[in-house]
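Take a look at the letters that make up each chain.
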Amino acid sequence: MARGAGARGNNFRLAALESFSGGLNLRSDQFNLAPNESPDLLNVAVDPRGGIRMRDGVDRRNVTPLSADVKGLWGFHTGSGTNAVMANYGTKVAYSTSSNFTDLTGITARTAGSRVYGMTMNDAAYGVSYDKPSFKWDGSTASDLGSTFDGTTGNFPQAQYVAFWNNFAWAANTFEGATAHKSRVRWSNANAPEQWGEASIDADYVDIDLGEHGDYITGLASFGDRLLVFKSNSTYAIFGYDSDSFQVQLQSASVGMIPLSTPAVTPNGVFFWAAEEGIYLYNGQQFVYLFSKLQPAIDDGRITFVNPPQLAWGDNKLFVSLDWTVDGATTRRTLIYDPTIGESGAWTMTDIDAGPMFSYRPPNGRASVLAGCVANTGSVVDVEDEQKRTSDR
(Lines give C-alpha, C1' and ligand atoms only; values in the text may rest on other atoms or scores of the structure.)
Protein backbone atom coordinates (compact mmCIF):
# COMPACT_ATOMS: atom_id res chain seq x y z
CA MET A 1 0.00 0.00 0.00
CA ALA A 2 1.35 3.41 -0.94
CA ARG A 3 2.19 5.73 1.89
CA GLY A 4 0.76 9.22 2.07
CA ALA A 5 2.86 12.37 2.12
CA GLY A 6 2.71 12.48 5.86
CA ALA A 7 3.23 8.80 6.46
CA ARG A 8 5.79 7.58 8.95
CA GLY A 9 9.22 6.80 7.45
CA ASN A 10 9.32 9.59 4.87
CA ASN A 11 12.63 11.33 5.67
CA PHE A 12 12.75 13.63 2.63
CA ARG A 13 12.26 17.35 2.99
CA LEU A 14 12.34 20.36 0.72
CA ALA A 15 15.07 22.95 1.14
CA ALA A 16 15.02 26.43 -0.36
CA LEU A 17 18.37 27.38 -1.91
CA GLU A 18 18.31 31.13 -1.84
CA SER A 19 21.90 31.84 -2.87
CA PHE A 20 24.76 30.24 -4.80
CA SER A 21 27.23 32.96 -3.82
CA GLY A 22 29.64 30.34 -2.43
CA GLY A 23 30.06 28.94 -5.93
CA LEU A 24 31.35 25.52 -6.94
CA ASN A 25 32.70 23.15 -4.27
CA LEU A 26 33.89 19.72 -5.44
CA ARG A 27 34.25 18.04 -2.05
CA SER A 28 32.77 14.54 -2.18
CA ASP A 29 31.14 14.76 1.25
CA GLN A 30 28.06 16.91 0.76
CA PHE A 31 27.97 17.64 4.50
CA ASN A 32 31.13 19.74 3.99
CA LEU A 33 29.31 22.14 1.67
CA ALA A 34 28.05 25.48 2.90
CA PRO A 35 24.37 26.29 2.27
CA ASN A 36 25.37 28.67 -0.58
CA GLU A 37 27.71 26.19 -2.35
CA SER A 38 26.99 23.55 -4.99
CA PRO A 39 28.93 20.49 -6.24
CA ASP A 40 27.60 20.98 -9.79
CA LEU A 41 27.65 24.44 -11.39
CA LEU A 42 28.26 23.60 -15.07
CA ASN A 43 27.63 26.21 -17.77
CA VAL A 44 26.04 28.72 -15.43
CA ALA A 45 27.08 32.12 -14.10
CA VAL A 46 26.53 33.36 -10.55
CA ASP A 47 25.36 36.94 -10.21
CA PRO A 48 26.45 39.26 -7.37
CA ARG A 49 23.27 38.53 -5.36
CA GLY A 50 23.79 34.78 -5.54
CA GLY A 51 21.37 33.89 -8.32
CA ILE A 52 22.36 31.77 -11.31
CA ARG A 53 21.71 31.93 -15.05
CA MET A 54 22.94 30.05 -18.09
CA ARG A 55 26.38 31.19 -19.24
CA ASP A 56 26.72 33.22 -22.43
CA GLY A 57 27.78 31.49 -25.62
CA VAL A 58 31.22 31.81 -27.16
CA ASP A 59 31.80 33.74 -30.38
CA ARG A 60 34.11 32.41 -33.11
CA ARG A 61 36.63 34.99 -34.32
CA ASN A 62 37.84 33.22 -37.46
CA VAL A 63 35.22 31.79 -39.80
CA THR A 64 37.90 29.72 -41.54
CA PRO A 65 39.66 27.48 -38.98
CA LEU A 66 43.43 27.23 -38.93
CA SER A 67 44.85 23.85 -39.96
CA ALA A 68 46.20 22.88 -36.53
CA ASP A 69 45.59 23.57 -32.85
CA VAL A 70 46.44 27.08 -31.68
CA LYS A 71 49.31 26.89 -29.20
CA GLY A 72 49.93 30.54 -28.32
CA LEU A 73 48.04 33.86 -28.42
CA TRP A 74 49.14 37.44 -27.83
CA GLY A 75 48.28 40.97 -28.99
CA PHE A 76 49.80 43.53 -31.35
CA HIS A 77 48.97 47.22 -30.96
CA THR A 78 50.55 50.33 -32.50
CA GLY A 79 50.33 54.02 -31.78
CA SER A 80 48.72 54.56 -35.19
CA GLY A 81 45.76 52.36 -34.25
CA THR A 82 46.64 48.98 -35.75
CA ASN A 83 45.39 46.10 -33.58
CA ALA A 84 45.77 42.40 -34.25
CA VAL A 85 45.55 39.04 -32.52
CA MET A 86 48.70 36.96 -33.02
CA ALA A 87 48.57 33.16 -32.94
CA ASN A 88 50.92 30.27 -33.57
CA TYR A 89 49.70 26.91 -34.87
CA GLY A 90 51.52 23.96 -36.42
CA THR A 91 54.75 25.44 -37.80
CA LYS A 92 53.26 28.86 -38.55
CA VAL A 93 52.55 32.24 -36.96
CA ALA A 94 49.53 34.27 -38.09
CA TYR A 95 47.67 37.50 -37.36
CA SER A 96 44.02 38.56 -37.37
CA THR A 97 42.85 42.17 -37.42
CA SER A 98 39.15 41.32 -37.31
CA SER A 99 38.22 37.81 -38.46
CA ASN A 100 40.28 35.22 -40.36
CA PHE A 101 44.02 34.80 -39.83
CA THR A 102 46.81 35.54 -42.31
CA ASP A 103 50.14 33.69 -42.05
CA LEU A 104 53.35 35.63 -41.56
CA THR A 105 55.97 35.08 -44.23
CA GLY A 106 59.70 35.64 -44.06
CA ILE A 107 60.35 33.89 -40.74
CA THR A 108 61.69 30.45 -39.85
CA ALA A 109 59.04 27.76 -39.43
CA ARG A 110 58.35 26.92 -35.80
CA THR A 111 58.67 23.39 -34.42
CA ALA A 112 55.23 21.77 -34.78
CA GLY A 113 53.46 21.69 -31.42
CA SER A 114 55.72 24.29 -29.80
CA ARG A 115 54.39 27.47 -28.22
CA VAL A 116 55.26 31.04 -29.14
CA TYR A 117 55.18 33.71 -26.43
CA GLY A 118 55.00 37.28 -27.68
CA MET A 119 54.92 40.94 -26.74
CA THR A 120 54.63 44.36 -28.41
CA MET A 121 57.24 47.10 -27.99
CA ASN A 122 57.93 50.21 -30.08
CA ASP A 123 55.13 49.36 -32.53
CA ALA A 124 56.52 45.91 -33.34
CA ALA A 125 55.47 42.42 -32.29
CA TYR A 126 58.23 40.12 -31.04
CA GLY A 127 57.90 36.36 -30.68
CA VAL A 128 60.06 33.66 -29.09
CA SER A 129 59.75 29.88 -29.24
CA TYR A 130 62.99 28.67 -27.63
CA ASP A 131 64.52 26.40 -30.30
CA LYS A 132 63.98 28.67 -33.33
CA PRO A 133 65.19 32.21 -34.10
CA SER A 134 63.12 34.93 -32.49
CA PHE A 135 61.25 37.17 -34.91
CA LYS A 136 59.53 40.53 -35.32
CA TRP A 137 56.51 41.80 -37.26
CA ASP A 138 55.85 45.50 -37.75
CA GLY A 139 52.34 45.15 -39.15
CA SER A 140 53.49 44.57 -42.72
CA THR A 141 56.86 42.78 -42.76
CA ALA A 142 58.10 39.86 -40.66
CA SER A 143 61.72 38.76 -40.26
CA ASP A 144 63.99 36.59 -38.16
CA LEU A 145 66.29 38.28 -35.65
CA GLY A 146 69.86 37.48 -34.78
CA SER A 147 71.16 36.42 -31.38
CA THR A 148 74.25 38.55 -30.86
CA PHE A 149 74.66 40.36 -27.54
CA ASP A 150 77.13 43.11 -28.47
CA GLY A 151 74.81 46.12 -28.74
CA THR A 152 74.28 45.84 -32.49
CA THR A 153 70.74 46.12 -33.82
CA GLY A 154 68.55 43.38 -35.26
CA ASN A 155 68.96 40.90 -32.40
CA PHE A 156 66.74 39.16 -29.87
CA PRO A 157 67.62 36.14 -27.69
CA GLN A 158 66.19 32.72 -28.39
CA ALA A 159 64.11 32.08 -25.30
CA GLN A 160 61.01 30.37 -23.98
CA TYR A 161 59.45 33.42 -22.30
CA VAL A 162 59.36 37.13 -23.08
CA ALA A 163 57.98 40.28 -21.42
CA PHE A 164 58.02 44.07 -21.67
CA TRP A 165 58.72 45.86 -18.39
CA ASN A 166 60.15 49.21 -17.34
CA ASN A 167 61.12 50.21 -20.90
CA PHE A 168 63.16 47.05 -21.48
CA ALA A 169 62.52 43.81 -23.34
CA TRP A 170 63.10 40.72 -21.18
CA ALA A 171 63.79 37.14 -22.26
CA ALA A 172 64.02 34.16 -19.94
CA ASN A 173 64.93 30.47 -20.09
CA THR A 174 67.27 31.12 -23.00
CA PHE A 175 68.88 28.93 -25.65
CA GLU A 176 72.29 30.34 -26.61
CA GLY A 177 74.73 28.73 -29.03
CA ALA A 178 73.02 25.34 -28.69
CA THR A 179 73.29 25.58 -24.87
CA ALA A 180 70.23 25.76 -22.63
CA HIS A 181 70.29 28.38 -19.86
CA LYS A 182 67.06 27.51 -18.12
CA SER A 183 67.61 29.85 -15.15
CA ARG A 184 68.84 32.87 -17.16
CA VAL A 185 67.05 36.19 -17.60
CA ARG A 186 68.33 38.72 -20.16
CA TRP A 187 67.31 42.34 -20.68
CA SER A 188 67.73 44.59 -23.72
CA ASN A 189 69.19 48.05 -23.90
CA ALA A 190 66.76 50.73 -22.71
CA ASN A 191 63.95 51.34 -25.22
CA ALA A 192 65.84 49.19 -27.76
CA PRO A 193 64.29 45.69 -27.93
CA GLU A 194 66.66 44.64 -30.74
CA GLN A 195 69.88 45.67 -28.99
CA TRP A 196 71.33 43.57 -26.18
CA GLY A 197 74.60 44.19 -24.32
CA GLU A 198 77.49 46.36 -25.47
CA ALA A 199 80.53 45.94 -27.72
CA SER A 200 82.79 43.25 -26.20
CA ILE A 201 80.61 43.16 -23.09
CA ASP A 202 77.89 40.55 -22.61
CA ALA A 203 76.84 41.34 -19.06
CA ASP A 204 73.14 42.22 -19.15
CA TYR A 205 71.79 38.96 -17.74
CA VAL A 206 71.40 37.12 -14.47
CA ASP A 207 71.28 33.41 -13.67
CA ILE A 208 68.75 33.05 -10.87
CA ASP A 209 69.60 30.37 -8.30
CA LEU A 210 71.20 28.15 -10.89
CA GLY A 211 70.91 24.45 -10.04
CA GLU A 212 68.59 24.82 -7.04
CA HIS A 213 66.87 21.41 -6.83
CA GLY A 214 66.34 21.30 -10.59
CA ASP A 215 64.30 24.50 -10.44
CA TYR A 216 64.08 26.40 -13.75
CA ILE A 217 62.27 29.46 -15.11
CA THR A 218 58.65 28.85 -16.11
CA GLY A 219 57.30 32.34 -16.80
CA LEU A 220 57.50 36.13 -16.56
CA ALA A 221 54.92 38.70 -15.46
CA SER A 222 55.19 42.50 -15.44
CA PHE A 223 53.60 43.68 -12.21
CA GLY A 224 53.90 47.34 -11.27
CA ASP A 225 57.33 48.14 -9.86
CA ARG A 226 58.62 44.59 -10.34
CA LEU A 227 59.09 41.89 -12.92
CA LEU A 228 58.03 38.55 -11.52
CA VAL A 229 60.20 35.59 -12.51
CA PHE A 230 58.50 32.27 -11.88
CA LYS A 231 60.43 29.05 -11.50
CA SER A 232 59.06 25.55 -10.99
CA ASN A 233 59.13 25.72 -7.20
CA SER A 234 59.92 29.34 -6.37
CA THR A 235 59.15 32.93 -7.34
CA TYR A 236 61.48 35.93 -7.64
CA ALA A 237 61.05 39.63 -8.40
CA ILE A 238 63.41 41.97 -10.23
CA PHE A 239 63.39 45.58 -9.06
CA GLY A 240 65.24 48.63 -10.39
CA TYR A 241 65.34 50.93 -13.39
CA ASP A 242 68.56 50.14 -15.32
CA SER A 243 71.42 47.65 -15.60
CA ASP A 244 73.23 49.22 -12.66
CA SER A 245 70.25 49.04 -10.31
CA PHE A 246 68.43 45.83 -11.26
CA GLN A 247 68.34 43.41 -8.33
CA VAL A 248 66.70 40.04 -7.75
CA GLN A 249 64.73 39.33 -4.59
CA LEU A 250 63.22 36.01 -3.55
CA GLN A 251 59.45 36.19 -3.02
CA SER A 252 58.76 32.53 -2.22
CA ALA A 253 61.02 29.51 -1.86
CA SER A 254 58.11 27.07 -2.02
CA VAL A 255 55.55 28.37 -4.55
CA GLY A 256 56.27 28.51 -8.27
CA MET A 257 54.41 28.18 -11.57
CA ILE A 258 53.81 25.21 -13.83
CA PRO A 259 55.76 25.52 -17.13
CA LEU A 260 54.19 26.68 -20.41
CA SER A 261 51.25 28.24 -18.61
CA THR A 262 50.22 31.91 -18.51
CA PRO A 263 50.06 34.12 -15.40
CA ALA A 264 47.20 36.63 -15.36
CA VAL A 265 48.12 40.17 -14.25
CA THR A 266 45.08 41.92 -12.77
CA PRO A 267 44.16 44.83 -10.48
CA ASN A 268 43.92 42.24 -7.67
CA GLY A 269 47.44 40.91 -8.24
CA VAL A 270 48.94 38.12 -10.33
CA PHE A 271 47.07 34.82 -10.58
CA PHE A 272 49.04 31.71 -11.59
CA TRP A 273 48.86 27.91 -11.48
CA ALA A 274 51.38 26.26 -9.14
CA ALA A 275 52.61 22.72 -9.88
CA GLU A 276 49.75 20.24 -9.32
CA GLU A 277 48.26 22.39 -6.56
CA GLY A 278 45.97 24.92 -8.23
CA ILE A 279 45.57 28.68 -8.37
CA TYR A 280 47.52 31.16 -6.25
CA LEU A 281 47.22 34.94 -6.11
CA TYR A 282 50.33 37.05 -5.51
CA ASN A 283 49.19 40.48 -4.31
CA GLY A 284 52.61 42.05 -3.88
CA GLN A 285 52.83 41.07 -0.23
CA GLN A 286 51.86 37.42 0.05
CA PHE A 287 50.74 34.32 -1.83
CA VAL A 288 47.09 33.38 -1.32
CA TYR A 289 45.79 29.89 -2.21
CA LEU A 290 42.40 30.06 -3.95
CA PHE A 291 41.75 26.48 -5.00
CA SER A 292 40.78 24.65 -1.81
CA LYS A 293 37.16 24.13 -2.93
CA LEU A 294 38.26 22.54 -6.20
CA GLN A 295 41.38 20.72 -4.98
CA PRO A 296 39.47 17.39 -4.64
CA ALA A 297 39.37 17.25 -8.45
CA ILE A 298 43.19 17.28 -8.46
CA ASP A 299 43.38 14.68 -5.71
CA ASP A 300 41.03 12.22 -7.44
CA GLY A 301 42.54 12.69 -10.90
CA ARG A 302 39.75 14.57 -12.66
CA ILE A 303 42.10 17.51 -13.24
CA THR A 304 45.13 16.22 -15.14
CA PHE A 305 48.26 17.83 -16.50
CA VAL A 306 49.20 16.44 -19.90
CA ASN A 307 48.48 19.97 -21.14
CA PRO A 308 49.20 22.78 -18.68
CA PRO A 309 46.40 25.00 -17.33
CA GLN A 310 46.07 28.42 -18.97
CA LEU A 311 44.83 31.68 -17.42
CA ALA A 312 43.36 34.97 -18.61
CA TRP A 313 41.55 37.91 -17.00
CA GLY A 314 38.45 39.62 -18.39
CA ASP A 315 35.29 41.35 -17.16
CA ASN A 316 36.80 41.28 -13.65
CA LYS A 317 36.88 37.48 -13.69
CA LEU A 318 39.63 34.88 -13.93
CA PHE A 319 39.32 32.25 -16.68
CA VAL A 320 41.25 28.99 -16.25
CA SER A 321 41.32 26.27 -18.92
CA LEU A 322 42.52 22.79 -17.97
CA ASP A 323 42.45 19.08 -18.77
CA TRP A 324 39.42 17.28 -17.30
CA THR A 325 39.52 13.46 -17.22
CA VAL A 326 36.56 11.17 -16.46
CA ASP A 327 36.56 7.38 -17.09
CA GLY A 328 39.82 7.66 -19.01
CA ALA A 329 38.53 10.28 -21.46
CA THR A 330 40.17 13.72 -21.34
CA THR A 331 38.47 16.89 -22.53
CA ARG A 332 39.19 20.53 -21.94
CA ARG A 333 37.09 22.58 -19.51
CA THR A 334 37.19 26.21 -18.45
CA LEU A 335 36.75 27.40 -14.87
CA ILE A 336 35.65 30.95 -14.07
CA TYR A 337 36.47 32.67 -10.77
CA ASP A 338 34.67 35.85 -9.71
CA PRO A 339 36.51 37.41 -6.74
CA THR A 340 33.68 39.90 -6.09
CA ILE A 341 31.07 37.31 -5.12
CA GLY A 342 30.73 36.03 -1.56
CA GLU A 343 33.37 36.23 1.14
CA SER A 344 36.17 34.57 -0.84
CA GLY A 345 34.97 34.64 -4.45
CA ALA A 346 33.02 32.02 -6.38
CA TRP A 347 34.02 29.38 -8.94
CA THR A 348 31.90 27.97 -11.75
CA MET A 349 32.73 25.49 -14.53
CA THR A 350 32.02 25.43 -18.27
CA ASP A 351 32.53 22.88 -21.01
CA ILE A 352 34.29 25.43 -23.23
CA ASP A 353 37.21 23.54 -24.81
CA ALA A 354 39.80 26.30 -24.40
CA GLY A 355 43.52 25.71 -24.79
CA PRO A 356 45.72 28.83 -24.71
CA MET A 357 43.98 31.97 -23.46
CA PHE A 358 44.71 35.67 -23.81
CA SER A 359 43.25 38.92 -22.50
CA TYR A 360 42.94 40.97 -25.69
CA ARG A 361 42.64 44.68 -24.89
CA PRO A 362 42.84 47.05 -27.87
CA PRO A 363 43.40 50.65 -26.73
CA ASN A 364 40.01 52.39 -26.43
CA GLY A 365 38.31 49.21 -27.63
CA ARG A 366 36.25 46.42 -26.08
CA ALA A 367 38.33 43.97 -24.08
CA SER A 368 37.75 40.26 -24.57
CA VAL A 369 39.13 36.91 -23.48
CA LEU A 370 40.25 34.87 -26.48
CA ALA A 371 40.98 31.16 -26.49
CA GLY A 372 42.25 28.61 -28.95
CA CYS A 373 39.81 25.70 -29.13
CA VAL A 374 41.00 22.13 -28.67
CA ALA A 375 38.10 19.98 -29.89
CA ASN A 376 37.32 22.57 -32.58
CA THR A 377 40.77 22.58 -34.13
CA GLY A 378 42.05 25.92 -35.40
CA SER A 379 39.24 28.08 -34.04
CA VAL A 380 39.82 31.13 -31.85
CA VAL A 381 36.80 32.13 -29.77
CA ASP A 382 35.77 34.95 -27.46
CA VAL A 383 34.83 33.27 -24.17
CA GLU A 384 34.20 36.33 -22.00
CA ASP A 385 30.83 36.34 -20.29
CA GLU A 386 28.41 39.29 -20.18
CA GLN A 387 28.27 39.56 -23.98
CA LYS A 388 24.56 38.53 -24.14
CA ARG A 389 25.21 35.67 -26.58
CA THR A 390 22.51 33.02 -26.36
CA SER A 391 24.47 30.16 -27.96
CA ASP A 392 27.96 29.03 -28.95
CA ARG A 393 28.76 30.04 -32.51
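Scroll up to find the structure this text is about.
Residues numbered from 1 in each chain as written. Predicted model: local features only at pLDDT ≥ 70, side-chain atom pairs only at ≥ 80, totals over all residues. Heavy atoms only, no water.

**Student:** Looking at this model, I keep getting lost on the pairing of strand β27 (residues 310-314). Mind explaining?
**Tutor:** In regular strands, side chains alternate between the two faces of the sheet. Across the 5 residues of β27, 5 count as buried, placing the element largely inside the fold. When β27 meets strand β28 (residues 317-326), the two strands line up antiparallel, connected through 5 bridges. Following the sheet pairing, Q310 is matched in β28 by S321. Between β27 and β28, which pair antiparallel and follow one another directly, the connecting turn spans 2 residues, one of which, D315, has a positive phi of 55°. (Buried < 20%, exposed > 50% of the residue type's maximum accessible area, 1.4 Å probe, protein only. Helix = DSSP H or I, 4+ residues; strand = E, 2+ residues; numbered from the N terminus. Pairing = 2+ DSSP bridges.)

**Student:** Would you mind showing me how to read the packing of aromatic side chains here?
**Tutor:** For any pair of aromatic rings, the description rests on two quantities: the centre-to-centre distance and the angle between the ring planes. Counted according to the given criterion, the structure contains 27 aromatic pairs. With a centroid separation of 5.0 Å and 65° between ring planes, the pair formed by W170 and F246 is classed as edge-to-face. A residue pair is termed long-range when its members are at least 10 positions apart, and W170 in strand β15 (residues 168-176) and F246 in the loop between β20 (235-239) and β21 (247-252) qualify at 76 residues. Of the two residues, W170 and F246, neither departs from the other in class, the shared state being buried. Ring geometry for W273 and F291: centres 5.0 Å apart, planes at 70°, overall edge-to-face. Taken together, the residues span a long stretch of sequence, with W273 in strand β23 (residues 269-274) and F291 in the loop between β25 (287-289) and α1 (295-299) at a distance of 18 residues. Grouping aromatic residues by their ring pairs yields a cluster made of F223, F230, F272, Y280, Y282, F287 and Y289. If you follow R115 out to its NZ or CZ, it ends over the ring of Y117, 4.4 Å from the centre. (Phe/Tyr/Trp six-rings, centres within 6.5 Å; stacked < 30°, edge-to-face > 60°. Lys NZ or Arg CZ within 6 Å of the ring centre and 35° of its normal.)

**Student:** Can you help me understand the sheet that holds strand β7 (residues 83-89) in this one?
**Tutor:** By way of backbone hydrogen bonds, the strands of a sheet pair with one another, either parallel or antiparallel. One open sheet accounts for 4 strands, arranged β6-β7-β8-β9; its pairing is antiparallel. Single-partner strands in this sheet number two, and they are β6 (70-77) and β9 (102-103). Judged from the 5 bridges that link them, β7 and strand β8 (residues 92-96) form a sheet pairing that is antiparallel. Among the inter-strand pairings, N88 is bridged to a residue of β8, identified as V93.

**Student:** What is the right way to look at the nonpolar core in this model?
**Tutor:** Side chains that are nonpolar tend, in soluble globular proteins, to be buried together. Counting 31 residues, the largest nonpolar core has F271, W273, I279, L318 and W347 as its most contacted members. When contributions to this core are tallied by element, the ones reaching two or more residues are β3 (44-46), β23, β24 (278-282), α1, β27, β28, β29 (329-338) and β30 (346-350). With 4 residues, the single largest contributor to this core is β28. Contact partners of F271, with chain neighbours within four places excluded, come to P263, A264, T266, I279, Y280, L281, L290, L311, W313, L318 and Y337. Counting residues in hydrophobic clusters, the runner-up holds 30 residues, among them A124, A171, A172 and Y236. (Core = buried A, V, L, I, M, F, W, Y, C linked by side-chain atoms within 4.5 Å. Contact = heavy atoms within 4.5 Å.)

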